[in-house]
Amino acid sequence: MGYIELEVLEDQPKRVVIGIDLGTTNSLPAIWKDGRPEVLEVEGEPALIPSVVHVSGEGTAVVGRAARARSMDDPAHTIHSIKRFMGRSLDELDEAVLGRLPYQVSQTERGLVQVEVAGKRFTPQEISALILREVAAQASVAMGGAEVLSAVITVPAYFDDAQRQATRDAARLAGLEVLRIVNEPTAASLAYGLDQKEEGTVAVYDLGGGTFDVSILSIEDGVFQVLSTNGDTSLGGDDLDAALVDLLRGELEGTVDGSVFEEPAFRQAARLAAEKAKIALSRDPAADLAISLPELGVNVRRTVTREEFDGLAAPLIERSLRCCERALKDAELEPGDVDEVVLVGGSTRVPRVRAEVERFFGRAPHTELDPDQVVALGAAAQAEVLMGSSRDILLMDVTPLSLGLETMGGAAEKLIQRNSRIPCSVKEGFTTYADNQSAIDFHVLQGERELAADCRSLGRFKLTGIPPMPAGLPRVGVKFHLDADGILTVSAKEESTGASASIEVKPSHGLTEDEVSAMLEASLENAQKDFEERRRVDLIAEIGIMLRHATANLAVAEERLDRESMEDLREAIASAKEAQSSNELDLVQTARDTLDRATMPLATVLMDSVVKEAVSGKKLGDV
Amino acid sequence: MDAVCPSCGAGLETPLACGACGVLMLPEDPVCPFAIFGLAPGFEVDRGDLKSRLRRFTRLVHPDFFALEGEETLAKAEHNNALLNEAYGVLSDEARRANQLLEGLGGPSEKDLGSMPQAFLMEVMEWNEVLEDAAPGSPELLELERELTEQRDRLAAEVGAALTPLPQPGGESLAGIRQSLNARRYVDRALGRISAGSAPS
């Protein structure tokens, strides 16, 4: 018996865990293969998937390159940079950022950001889930069809609890089990450390599309220990684009009606032109910043020099360097103590960024690994660690922000200090203020400020089920635990009676458990619908090819087929033509199958003649 | 340590997990931070040794190594690693370490002792005045910082000396150590305010 079980176990295919860099601009999967991390490739190219989703008028979503291709002709239905809205509420967002979006955003009843497109509403979690689904699908193609069920997903180190939780929820909605949420700079250091067997102090400067992180690590003996981290979750390449868009708008000011700036077509065209100019400026001393939208009366072309662009970038780079100073201070280090500097994120291609980072740390940064791939590579290395193959590599990470409670007076009392090693727990005692009080409310905060109102609200918790007792007598022990993903869980126990008090959570900027479950159900239904839709489109394309082929050979068919076969073929062609405009999957499928059968005799006849032609005029030995 | 692993019988270096067979333990709450690190209580701690123990023990309990072993084991790893990190926080910080020793010896807690001597409180008020009025980087502030740093080092040396070797549990010296530790809290808080004021923002 045991013997058989053992055999069954050994026959199980090895579970596939991929690493996913879920980026603001692009997402990328990687796996561990033959002792090293490797970016997954489709048709010889890295499976870099633009983090863009297009939703058609009928509500069909496409993701990635196909979606990005629609961004010019259908900007209002094309969603980009959704990562900036993960775990955020509408009232926290910068007006200027919203004013540049080509697509519509609004808020849910609880104030969370949602995207409105084609009459439908999507939370950022749902949009990210669509992206993750596509990443998993591409990864599966790259691995020859192996199903992807588990993943390590990276997030900016400076992401707070709500943003991490939102990422985890997105993965759940995409049907992925998240084995670990790992910080992007930590992943990057892992990718570098593996290659170079570095020992010493490393600073990772990660300027992505929408977020900035800096982490200071010590690497020794396979242990990657984060000493401190800092950052800004709304600072990235998108802001460089925005500065160029503002330049364009300034150029147009007075020559066009102000309402033009509200047009999705203008916003999208401006954004894409800015992005193009930015990329060119990393290479050339000057670039053209141009858009032409005759229907809006917009036609503007302007040269931007690198010098001018550097001037626009300077305040943003300055902001990132302030973060570096704070990170060093928390690690109790000076810039000169850092042995290696690693650059991560597409925006570190900007020459001025490189120069300023080099000046700040007083040493040339590493750029050996592609800054767009290094995070995914690190995630794959972490996936391998989680698979349990060895304990040679150990990541010890920290929480970027202090965790606290609001006190009676509205101050923030810190329970866990920023840069504490995770996982970590703190126990706090609570009691009642009134006789027979059965519930206690408390408000959990994240941030460094002294006043609760200035910190970020994580959620309001309600402790219930406290046994009736005189005021001050119950002793409820509440345990706050930050797990290895940097996500908070809260549990409680009434200590005098041992009754475990139950806790209701109302996340301030996230989805409740019920909301996620409801979305999960809806997404399964949608997945079925999406699958059917894709199948229908594929079948219609196939019918098109078959019809073209059949009609082209109709003359041959008339000549060579028997009457019955010919009748069948005509009927099949007629119903296939009808099916081409049908919305019914079943009907399309039947028409395609009937056509397939009806063209068989024709195919045989054609094949015969091809073979005869080929054989005639050739010697027997050549056949 | 004398404890042995209930699973394989090997000697245990830490009550969190067995270094020989890797099984995770469920240590009884609360556990002394010194015990978690397999050290005898004492004021002197070798920082290098502490760090190397942290790395060694983290390799035994980090949730990364239990990712596929089911929720219950994973929760145990989360719990034990949190205990390890908390204990490291206590042992690597001189003041927190002294506090821990004092409590272990049955000394008075921070609140038991009541208020600080009048003269000391007057001094604290003077610091606060400078902290309120002086601009970051001003000579007054730099002078205060120098003074406070000196005082902190003096208090640390006092506490260290009084706790080496460890005094008798419940002994008379404990109240004095508590007073020095409490004074140090005031000093640290004032130094914290100076450094926060000069922090890049």
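From a predicted model like this one, the values you see are computed outputs, not experimental measurements.

A. View of the interface of chain B and chain A. At the interface, 23 residues of chain B touch 34 residues of chain A. When the two sides are added together, the surface that chain B and chain A hide from each other amounts to roughly 2,400 Å², 51% of it contributed by carbon and sulfur. By the criterion of area lost to chain A, the three top residues of chain B are B:R55, B:R59 and B:D64, representing 28% of everything that side buries. The tally of links from chain B across to chain A stands at two salt bridges. Across the chain B-chain A interface, the total number found is 12 residue pairs in polar contact (both at pLDDT 80 or more). Among the elements that take part in the side of chain B that touches chain A, helix α3 (residues 70-92) of chain B stands out by supplying six residues, more than any other. Here the side of chain B that touches chain A is built from residues that sort into 11 nonpolar, seven polar and five charged.

B. Up close: the pattern of salt bridges. Residues and elements named next belong to chain A. Enumeration according to the criterion identifies 46 salt bridges over all chains in this entry. Residue R319 pairs with D232 through a salt bridge whose shortest N-O separation is 2.9 Å. Placement of the pair is R319 in helix α9 (residues 306-330) and D232 in strand β17 (residues 223-232), with a sequence separation of 87 residues. Since its relative accessible area comes to 38%, R319 is described here as partly exposed. Residue E308 pairs with R302 through a salt bridge whose shortest N-O separation is 2.9 Å. Taking the relative accessible area as the measure of exposure, R302 reaches 19% and is therefore buried.

C. Expanded view of the state of the cysteines. In the structure shown here, the tally under the stated rule is zero disulfides over all chains. A:C455 provides the cysteine sulfur closest to A:C424, a residue in no disulfide bond, and the two sulfurs are 17 Å apart. Note on A:C424: relative accessible area 8%, which makes it buried. Of the cysteine sulfurs around B:C8, a residue in no disulfide, the closest is that of B:C18, at 3.7 Å. Given the relative accessible area of 40%, B:C8 is considered partly exposed.

D. Summary view of the domain arrangement of chain A. Under the domain assignment, chain A is made up of domain 1 (17-236 + 313-396), domain 2 (237-312), domain 3 (403-509) and domain 4 (515-615). Between the C-alpha centres of domain 3 of chain A and domain 4 of chain A there is a distance of 63 Å.

E. Layout of the packing of aromatic side chains. Inspection of every chain in the model, using the stated rule, returns 10 aromatic pairs over all chains. Relative to A:F461, the ring of A:F442 has its centre 5.5 Å away and its plane inclined at 5°; by these criteria the two rings are stacked. Here A:F442, found in strand β25 (residues 440-446), pairs with A:F461, found in strand β26 (residues 456-464); they are 19 residues apart in sequence, far enough to count as distant. When the centroid spacing of 6.1 Å and the interplanar angle of 55° are considered together, the rings of B:F37 and B:F57 count as tilted. In this pair, B:F37 sits in the loop between α1 (33-36) and α2 (47-61) while B:F57 sits in helix α2, placing the two residues 20 residues apart along the sequence. Members of the aromatic cluster, connected to one another through ring pairs, are A:F430, A:F442, A:F461 and A:F480.

F. Region of interest: the environment of A:D337. Residues and elements named next belong to chain A. By the element assignment, D337 lies in the loop between α9 and β20 (340-344). Look at D337 and you get partly exposed, because its relative accessible area is 34%. On a C-alpha basis, the gap between D337 and E571 in space is 81 Å, while along the polypeptide they are 234 residues apart.

G. A look at the sheet that holds strand β28 (residues 488-494) of chain A. What the three strands build is an open sheet, ordered β24-β27-β28 (chain A); its pairing is antiparallel. The sheet is open, and its two edges are formed by β24 (424-430) and β28 of chain A, each paired on a single side. Across this sheet, the average inter-strand angle for adjacent strands is 20°, counted without regard to direction. Across the sheet, α3(B) lies against β24 and β27 (476-482) of chain A, angled at about 95° from β27(A), the strand it touches most.

What counts, and where the lines are drawn
- Residues numbered from 1 in each chain as written.
- Chains lettered and ligands numbered in written order.
- Predicted model: local features only at pLDDT ≥ 70, side-chain atom pairs only at ≥ 80, totals over all residues.
- Heavy atoms only, no water.
- Contact = heavy atoms within 4.5 Å.
- Buried area = accessible area lost by both parts, 1.4 Å probe.
- Salt bridge = Lys/Arg side-chain N within 4 Å of Asp/Glu carboxyl O.
- Polar contact = N/O pair within 3.5 Å; in protein donor to acceptor, adjacent residues only side chain to side chain.
- Helix = DSSP H or I, 4+ residues; strand = E, 2+ residues; numbered from the N terminus.
- Nonpolar A, V, L, I, M, F, W, Y, C, P; charged D, E, K, R; others polar.
- Buried < 20%, exposed > 50% of the residue type's maximum accessible area, 1.4 Å probe, protein only.
- Disulfide = S-S within 2.5 Å.
- Domains from an automatic or database assignment.
- Phe/Tyr/Trp six-rings, centres within 6.5 Å; stacked < 30°, edge-to-face > 60°.
- Pairing = 2+ DSSP bridges.
- Axes fitted to C-alpha atoms, helices over the stretch in contact; angles between N-to-C directions.

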